[in-house]
Amino acid sequence: MTALAEDTRAVGLERPPLWRRVLGSDQLAGWAFVTPAVILIAVFAVIPIGWAALLSFQANNLLAPAHYIGFANYQALAKDPAFRSAVVHTVIYTALFVPISIGGALGLAVALNRKIRGIRFYRLAVFVPVVTSTVATGIIFLWLLDPTFGIVNYFLHAVGLPQQKFLQDPNQALYCIVGVTVWEWLGFDVIIYLAALQGIPQDLMEAAEIDGASRWSTFRSVVLPLLGPATLFLVVWSTINALQLFDEVYVMTRGGPIGSTTAIVFYLYQQAFSNFSAGYGAAIAVVLFLAILVVTLVQLWIGRRRVYYAS
Amino acid sequence: MKRYFVVVIAAVLALSACGGGSSSSGSGSGKHVNIVLWHGFTSPGAELDAIKAMTAEFNRTHPTITVTPQFAGNSDYALQKVLAAIAGGNPPDIAYLYGSWSANIATTPALAPLNSFIAHDSSFNWNDFWPVERGVATVKGQIVGVPALVDNLALVYNKQLFAQAGLAPPTANWTWTDFANAAQKLTNPAKKQFGWAYVNDGSEDTVWRFWAMLWEAGGSILESGSKQAAFNSPAGVNALTFLQNLARKQSIYLDTGSGNYLGLFNSGHIGMLWTGPWDLAQIASGHVSFGVQILPADLNHQTIAGPDNWVAFNNGSARSHAAYEFLKWFTSPAVNLEWCLRTGDLPIRAATTKLPGFKQYLAKYPGDRVWVQNLNNALQARPVLATYPKISQVIGQAVQSVLLLKSSPQQALSSADQQVNSILAAPS
């Protein structure tokens with residue numbers, strides 16, 4: 001850079017003044033277009049994230065003047081049994097939610113990827129839960145899963161199965177939340193898979209058919225590899241989503257019964273906004289952010305070696 | 001991390017960037033002062049209409065002050081918004097805040113100096129407010145706000161279900177044994193009918209009902225001085241045993257915190273509730289013929305009250321004075337009576353109940369009579385401590401584990417005792 005600058009000066013080429021270079025540049029229009037978005041993202045995302053990181057080194061209740069306490073919040077976090085169980089709940093939830101929702105969506109997408117009567121209706125029906133408010137579905141499921149008055153227990157009774165406590169049983173509540181959230185998010189995954197299925201070149205399918213491949217081996221060796229990029233996207237996206245579980249817990253169980261559904265973000269919320277430990281809450285947020293970053297990088301690294309990208 | 005945290009911090013930033021808002025047009029005496037009041041009264045509602053009409057009345061009779069009421073969203077989240085406004089350096093002059101937040105609010109330097117206003121003004125008559133209100137509004141001697149609302153728990157029952165079960169209605173002399181017997185007789189699994197309902201979400205809603213039972217059994221929450229837990233006592237075991245016995249007999253409908261119990265009471269599936277005047281409007285709008293009685297006694301008939309406050313913030317001396325002027329007027333007996341008549345809320349001070357017009361209130365809201373009398377049974381306040389929310393979470397889980405039959409009363413109390421003592425011992 002410097003050498004080049006000296007060179008141009010040496011040959012006596014005059015560079016135009018800065019303002020002329022800026023105004024005349026093709027990039028100006030581009031920058032003008034992105035600036036509003038950049039400002040919004042900076043104000044509502046980057047600066048708060050930076051602030052949260054700063055907060056995590058403070059004793060801060062958001063009311064009294066804060067003071068810096070170094071890594072004390074993080075040290076307390078390492079020894080906090082309630083945080084540890086929140087991590088366990090979140091990991092169990094993620095380990096169930098991600099494979100069940102993606103596997104279920106794959107099956108449904110294959111079933112919906114055909115030309116039959118009313119297919120638009122089925123596709124719409126699958127997607128409706130995604131666009132329905134989480135609070136509304138949460139309250140509906142509270143009624144459906146009510147041990148005495150819920151319709152689910154009514155059906156169990158009708159077919160002679162024992163009555164369940166569902167959200168009121170500490171051993172069942174987390175799995176109920178897995179079920180509800182899978183139902184809620186399945187449609188999103190289905191749409192992604194449907195788009196990917198329709199992007200599979202027809203000639204590859206015909207070639208497989210001509211080679212005498214069975215339907216299963218066509219699916220296994222042609223369709224599935226070509227869905228790789230969509231699967232990778234869904235795994236990364238669903239994992240991030242699952243690790244941030246909050247709304248359903250907040251609406252349906254408040255982390256209970258007996259703390260059995262307290263996930264990391266719900267615990268963070270309790271600390272920051274019920275217990276007035278904003279610094280401690282921020283430390284949890286930072287740890288969660290780093291965990292998500294690491295998990296995502298690992299997934300992408302594995303994905304790069306395993307996923308087939310058609311050129 | 002994503003939603004709430006970032007949104008609140010973004011709001012702090014946005015507010016601090018904007019600044020401005022309302023301001024006094026001058027700080028000298030005799031100048032006109034504008035102040036802002038944040039409330040959570042939703043539309044349509046009697047409270048919203050009342051606050052609009054009554055601030056207008058104040059503004060008309062006090063030409064140097066203009067109070068502007070502003071809806072600040074659901075009161076459950078009022079503190080988060082006030083926090084953001086304080087951080088932005090522009091808090092409202094007056095805000096409706098829950099009493100359970102007092103100890104934390106007291107840590108902010110942004111409060112208006114209510115103590116000195118009240119101390120220099122004998123006509124304010126601070127001691128006329130109910131003791132439990134003063135207890136919740138005062139943190140280590142500092143008055144953080146003026147009482148805004150008081151309520152308490154009483155027994156609401158379905159008269160028809162009582163008659164069907166051949167039971168006499170509850171009396172003011174009822175004991176826990178009477179209550180438990182009635183609850184069992186009102187329980188009928190075949191008809192999906194329960195004797196009682198208990199909010200079992202582990203929140204403060206779960207906890208405060210237990211405190212009422214603890215006090216009725218003669219127990220205390222903390223030792224005096226608030227250094228040590230006191231609920232792990234024979235009284236505590238009595239209270240939780242009472243609860244667990246009814247739970248074991250399937251006599252309690254466990255509400256997950258969504259308030260389903262109200263609809264079930266109104267459809268005749270629940271015989272008795274322990275609830276407050278806030279549920280009265282919905283119960284009265286149903287088809288159930290209901291009665292209200294004070295809580296049954298173990299050793300006594302104590303209840304628990306949950307007072308909320310109008311907290312005044314310091315935006316300079318002129319605005320603080322104006323805020324105090326308004327609160328003094330607004331909580332004066334005659335004005336409070338007008339508020340009660342408009343909204344059906346309970347009177348916040350004794351003097352209101354001695355006004356001749358108070359008969360009109362009892363005639364208009366006959367269901368409120370017992371809750372007004374029951375204020376005399378609200379003898380104790382919950383500990384006003386910054387760590388109270390943490391204590392509440394521990395107790396919430398203990399009560400849940402007893403209701404769900406996952407641990408015995410003694411096990412639950414011993415484990416909670418240990419946790420609460422370590423919360424109290426931690427440096428704040």
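On a predicted model such as this, the values are computed, not experimentally measured, just so you know.

Right, let's get into the overall build of chain A. The helix and strand tally for chain A stands at 15 helices and 2 strands. Taken over the C-alpha trace, chain A has a radius of gyration of 26 Å; the compact-globule value for 311 residues is 19 Å, which it surpasses by more than 25%. Viewed in the frame of its principal axes, chain A has a C-alpha envelope of about 95 × 70 × 30 Å. Residues classed as buried in chain A amount to 41% of the 311 residues present. For chain A, long-range pairs separated by at least 24 residues make up 66% of all intrachain contacts whose partners lie at least 6 apart in sequence. Taking the average place of the 18 positive charges on the side chains of chain A and the average place of its 15 negative ones, the gap between the two points comes to 2 Å.

Looking only at helices and strands, chain B has 19 helices and 12 strands in total. Relative to the compact-globule value of 22 Å for 428 residues, chain B shows a C-alpha radius of gyration of 23 Å, a close match. Scored against the burial criterion, the 428 residues of chain B give a buried share of 58%. Counting contacts in chain B only where the partners sit at least 6 residues apart, residues at least 24 apart contribute 74% of the total.

Right, let's get into the interface of chain B and chain A. Contacts between the two partners involve 41 residues from chain B, matched on the other side by 49 residues from chain A. In this assembly, chain B and chain A are joined by 0 salt bridges. Remark: the boundary between chain B and chain A carries 7 residue pairs in polar contact (both at pLDDT 80 or more). For the side of chain B that touches chain A, the secondary-structure elements that each account for two or more residues are helix H1 (3-18), helix H3 (78-87), helix H4 (102-105), strand S9 (252-255), helix H11 (260-266) and helix H18 (388-403) of chain B. In terms of residues, the side of chain B that touches chain A owes the most to one element, H1 of chain B, which gives 9 residues. In terms of residue class, the side of chain B that touches chain A is made up of 22 nonpolar, 13 polar and 6 charged.

Within the largest apolar cluster, 65 residues are counted, with the highest numbers of intra-cluster contacts made by Tyr93, Val190, Tyr193, Leu227, Met252 and Ile284 of chain A. It is helix H9 (residues 173-198) of chain A that contributes the most residues to this core, 12 residues altogether. If we skip the residues at most four places from it in the chain, Tyr93 of chain A touches Leu174, Ile177, Val178, Thr181, Ala242 and Leu245 of chain A. By size, the runner-up hydrophobic cluster in this structure holds 57 residues, among which are Leu153, Ala180, Met272 and Ile423 of chain B.

Bringing the confidence of the model for chain B into the picture now. Residue and element names in this part refer to chain B. Overall, the predicted model of chain B reaches an average pLDDT of 90, with 93% of residues at or above 70. Throughout residues 1-28 the model reports pLDDT below 50, and contacts reaching past four residues in sequence, or to other chains, amount to 54 contacts. Across the predicted assembly, pTM comes out at 0.83 and ipTM at 0.79.

Attention shifts here to the sheet that holds strand S2 (residues 65-71) of chain B. Residues and elements named next belong to chain B. In space, the 5 strands of this open sheet follow the order S2-S1-S3-S12-S6, with mixed pairing throughout. Both outer strands of the open sheet, S2 and strand S6 (145-149), are each paired with one neighbouring strand and no more. Each adjacent strand pair in this sheet contributes to an overall mean axis angle of 30°, direction not counted. As paired elements, S6 and strand S12 (residues 308-312) share 4 bridges and run antiparallel to each other. What sits directly across from Pro147, in S12, is Asn309.

Let's shift gears to helix H14 (residues 333-343) of chain B. Residue and element names in this part refer to chain B. Along H14, the residues classified as buried are Val335, Asn336, Leu337, Trp339, Cys340, Leu341 and Thr343. The elements touched by buried residues of H14 are helix H2 (46-61), helix H13 (317-330), helix H15 (350-353) and helix H16 (358-364). In the segment just after H14, Gly344 is the residue with positive phi, at about 80°.

Before going further, it helps to spend a moment on the packing of H9 of chain A against helix H12 (residues 228-243) of chain A. All names here are of chain A. Orientation of H9 relative to H12, taken along the N-to-C sense of each, is 165°, at an axis distance of 10 Å. When the axes of H9 and H12 are compared, the pair comes out roughly antiparallel. In the packing of H9 onto H12, the handedness of the crossing is right-handed. Residue-level contacts link Trp185, Phe188, Asp189, Ile192, Tyr193 and Ala196 of H9 to Ala230, Thr231, Phe233, Leu234, Trp237, Ser238 and Asn241 of H12. Residues of the contact of H9 with H12, tallied by class, amount to 9 nonpolar, 3 polar and 1 charged.

Okay, the domain arrangement of chain B next. Residues and elements named next belong to chain B. Domain boundaries assigned for chain B yield domain 1 (22-151 + 306-377) and domain 2 (154-304 + 385-425). Between domain 1 and domain 2, the contact holds 11 residues from the first and 18 residues from the second. Roughly 1,300 Å² is buried in total at the junction of domain 1 and domain 2, and carbon and sulfur atoms are behind 67% of that figure. There are 0 salt bridges connecting domain 1 and domain 2.

So, about the packing of aromatic side chains. The full count for this structure, using the stated rule, is 53 aromatic pairs over all chains. Each ring, one from Phe179 of chain B and one from Trp274 of chain B, has its centre 5.8 Å from the other, and the planes form 65°; the classification is edge-to-face. A residue pair is termed long-range when its members are at least 10 positions apart, and Phe179 of chain B in helix H8 (residues 176-185) and Trp274 of chain B in strand S10 (residues 270-275) qualify at 95 residues. Neither residue differs from the other here; Phe179 of chain B and Trp274 of chain B are each classed as buried. With centroids separated by 6.0 Å and ring planes inclined at 75°, the aromatic side chains of Trp310 of chain B and Phe330 of chain B adopt a geometry described as edge-to-face. Linking Trp310 of chain B in strand S12 with Phe330 of chain B in helix H13, this pair joins segments that are 20 residues apart in sequence. Grouped by ring-pair contacts, the aromatic residues Tyr157, Phe162, Trp174, Trp176, Phe179, Trp196, Tyr198, Phe242 and Trp274 of chain B constitute a single cluster. Sitting over the face of the ring of Tyr250 of chain A, Arg254 of chain A holds its NZ or CZ atom 4.4 Å from the ring centroid. Over the aromatic face of Phe129 of chain B sits the side chain of Arg349 of chain B, whose NZ or CZ is 4.5 Å from the ring centroid.

This paragraph deals with the sheet that holds S9 of chain B. Residues and elements named next belong to chain B. In space, the 5 strands of this open sheet follow the order S9-S8-S10-S7-S11, with mixed pairing throughout. Looking along the sheet, the strands with just one partner apiece sit at the ends: S9 and strand S11 (290-293). Between one strand and the next, the sheet's axes are offset by a mean angle of 25°, whatever the strand orientation. Strand direction decides the pairing type here: strand S7 (residues 154-158) and S11, joined by 4 bridges, are antiparallel. Bridge pairing in S11 places Leu155 opposite Gln293. Contacting strand S8 (194-199) and S10, helix H9 (residues 204-216) crosses the sheet at an angle of about 115° to S8.

Now for the pattern of salt bridges. Residues and elements named next belong to chain B. Evaluation of the coordinates by the stated rule reveals 6 salt bridges over all chains. In this structure, Asp128 engages Arg349 in a salt bridge whose closest nitrogen and oxygen atoms are separated by 2.7 Å. With Asp128 in the loop between helix H5 (114-119) and helix H6 (131-137) and Arg349 in the loop between H14 and H15, this residue pair connects regions lying 221 residues apart in the sequence. Ionic pairing is found between Asp205 and Arg209, a salt bridge with its closest N-O pair at 3.0 Å.

Looking at the element boundaries, Leu79 of chain B is found in helix H3. Owing to a relative accessible area of 4%, Leu79 of chain B belongs among the buried residues under this scheme. Between the C-alpha atom of Leu79 of chain B and that of Thr175 of chain B, which follows or precedes it by 96 residues, the distance is 39 Å. Contacts of Leu79 of chain B, omitting those with residues within four sequence positions, involve Phe276 of chain A together with Leu97, Trp101 and Ile105 of chain B.

Rules and cut-offs
Residues numbered from 1 in each chain as written. Chains lettered and ligands numbered in written order. Predicted model: local features only at pLDDT ≥ 70, side-chain atom pairs only at ≥ 80, totals over all residues. Heavy atoms only, no water. Helix = DSSP H or I, 4+ residues; strand = E, 2+ residues; numbered from the N terminus. Rg over C-alpha atoms; globule rule 2.2 N^0.38 Å. Buried < 20%, exposed > 50% of the residue type's maximum accessible area, 1.4 Å probe, protein only. Contact = heavy atoms within 4.5 Å. Lys, Arg positive; Asp, Glu negative; His and termini not counted. Charge placed at Lys NZ, Arg CZ, Asp CG, Glu CD. Salt bridge = Lys/Arg side-chain N within 4 Å of Asp/Glu carboxyl O. Polar contact = N/O pair within 3.5 Å; in protein donor to acceptor, adjacent residues only side chain to side chain. Nonpolar A, V, L, I, M, F, W, Y, C, P; charged D, E, K, R; others polar. Core = buried A, V, L, I, M, F, W, Y, C linked by side-chain atoms within 4.5 Å. pLDDT = per-residue confidence, 0-100. Pairing = 2+ DSSP bridges. Axes fitted to C-alpha atoms, helices over the stretch in contact; angles between N-to-C directions. Parallel < 35°, antiparallel > 145°, perpendicular 65-115°, else oblique. Left-handed = near helix turned anticlockwise from the far one by under 90°. Domains from an automatic or database assignment. Buried area = accessible area lost by both parts, 1.4 Å probe. Phe/Tyr/Trp six-rings, centres within 6.5 Å; stacked < 30°, edge-to-face > 60°. Lys NZ or Arg CZ within 6 Å of the ring centre and 35° of its normal.

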